[in-house]
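# Topology and contacts: notes
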Amino acid sequence: MKIAVVIPAHNEAKYLAKTLKSLVEQSVQPEQLIVVNDSSTDKTQSIIDSFSERYPFIQSVQTNAGTEHSPGNKIINAFNHGFKLVRKDYEIICKFDADLIFPKDYLKSISTIFETNKRCGMAGGFCYIKRDNQWQLEALTNTDHIRGALKAYRKECFEKIGRLKNDMGWDTVDELLAKYHGWDVITDESLHVKHLKPTGVNYSAEARFKQGEAFYKMRYGYLLTTIASAKLALRKRNINFFFDCIKGYRKAKTENLSFIVSEAEGAFIRKYRWIGIKKRMGLN
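Every value quoted in this text rests on a predicted model; they were computed, and no experiment measured them.

Looking only at helices and strands, the chain has 10 helices and 9 strands in total. On C-alpha atoms alone, the chain measures out to a radius of gyration of 19 Å, which is about the 19 Å that the 2.2 N^0.38 rule sets for 284 residues. When its C-alpha atoms are laid out on the principal axes, the chain stretches across 55 × 40 × 40 Å. Within the chain, residue pairs in contact and separated by at least 24 positions form 78% of the contacts whose partners lie at least 6 positions apart. Only carbon and sulfur atoms are counted for the fraction: they give 50% of the accessible area of the chain, which is about 13,900 Å².

To continue, consider the domain arrangement of the chain. Taken as a whole, the chain is organised into domain 1 (3–195) and domain 2 (207–281). Spacing between the C-alpha centres of domain 1 and domain 2 amounts to 25 Å. Each partner contributes to the interface: domain 1 provides 18 residues, whereas domain 2 provides 20 residues. The largest share of the area that domain 1 buries against domain 2 comes from M168, L176 and Y180, three residues that together contribute 35% of it. Between domain 1 and domain 2 we count 1 salt bridge in total. Put simply, K217 and D167 hold a salt bridge, and the shortest N to O gap is 2.7 Å. On inspection of domain 1 and its partner domain 2, the count reaches 2 residue pairs in polar contact (both at pLDDT 80 or more). Class assignment for the residues of the side of domain 1 that touches domain 2 results in 8 nonpolar, 6 polar and 4 charged.

Next up on the list: the pattern of salt bridges. By the definition in use, this model includes 13 salt bridges. Of the charged contacts in the structure, one is a salt bridge between E12 and K197, with a shortest N-O distance of 2.9 Å. With E12 in the loop between β1 (3–9) and α1 (16–24) and K197 in the loop between β9 (184–195) and α7 (210–217), this residue pair connects regions lying 185 residues apart in the sequence. A relative accessible area of 13% means that K197 is categorised as buried. For K217, the salt bridge identified is with E213, shortest N-O distance 3.1 Å. Of the two residues, K217 and E213 are both situated in helix α7; the distance of 4 residues between them amounts to about one turn of the helix. In terms of burial, K217 and E213 fall into one category: buried. Salt bridges linked by common partners bring D167, K210, E213 and K217 together as one network.

Along the polypeptide, T172 turns up in helix α6 (residues 170–180). Judged by relative accessible area, which is 19%, T172 ranks as buried. Sequence-distant contacts of T172, defined by excluding residues within four places in its chain, comprise H145, M218, Y220 and R273.

Looking now at the nonpolar core. Core analysis: the biggest nonpolar cluster contains 81 residues, and L33, I93, F96, Y106 and L150 have the highest contact counts within it. Domain assignment of the residues forming this core places at least three in each of domain 1 (3–195) and domain 2 (207–281). Sequence-distant contacts of I93, defined by excluding residues within four places in its chain, comprise A4, V6, F79, F83, V86, K151, A152, Y153 and F158.

The rules behind each value
Residues numbered from 1 in each chain as written. Predicted model: local features only at pLDDT ≥ 70, side-chain atom pairs only at ≥ 80, totals over all residues. Heavy atoms only, no water. Helix = DSSP H or I, 4+ residues; strand = E, 2+ residues; numbered from the N terminus. Rg over C-alpha atoms; globule rule 2.2 N^0.38 Å. Contact = heavy atoms within 4.5 Å. Areas by Shrake-Rupley, 256 points an atom, 1.4 Å probe, with all protein chains shown as cover. Domains from an automatic or database assignment. Buried area = accessible area lost by both parts, 1.4 Å probe. Salt bridge = Lys/Arg side-chain N within 4 Å of Asp/Glu carboxyl O. Polar contact = N/O pair within 3.5 Å; in protein donor to acceptor, adjacent residues only side chain to side chain. Nonpolar A, V, L, I, M, F, W, Y, C, P; charged D, E, K, R; others polar. Buried < 20%, exposed > 50% of the residue type's maximum accessible area, 1.4 Å probe, protein only. Core = buried A, V, L, I, M, F, W, Y, C linked by side-chain atoms within 4.5 Å.

See the structure below:
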């Protein structure tokens, strides 16, 4: 299958070469690999150039997606800038972070998943971070969720969900909308990807309310938001995260912010989430 990869990169000179090296050494190489240099002030561009000079399928494009490093719109703005260069005949589109090391057969395995399951709309492996000199699962989400760092979409699914939402929560709502439209979301636990920079280390203080805002925009409702916020706070081992989520939700509701899903999609999301909660509680 024809694979296109878009990598947003902002001051990633410390890690980018390792990411690109792992991708050019794939047993199945992408048709296109587009690195978006988002206003980097380090040697990010020179690293991109060193690879694009050697590998014709690697392209570079520069943009300014905003000065604030926050989850959501900055990274999607950069991705969308790179996506403009993707040829129309792509079959799989990947949004990868610039601080990952992929196993040699990663893209081959992802392609096989899509080829085997024609209803698979999204697929991905798992991020591992180094702790105590060992690579351990970065267990921030359930094992049925594909991390935002390594998303892969079938073209038809990507278009059906309206591509990526330019907002916090984009990497959750994409999967929910895929399921709403009847697509499968597949994770492969055998695909271990080394995540060189722990999630969220560069997020600004202003971003701390964004998760609650995302729950509001996805039409979770207050009770689901409370449960989801508590779950995330436990995983992050940070009680303040829970209160920030609730504050963010209330702030978004007070400001009457626009939703990123329709009423019908919101109803599906709430039903889907409650089914999952009841299942984990043994009530189904």
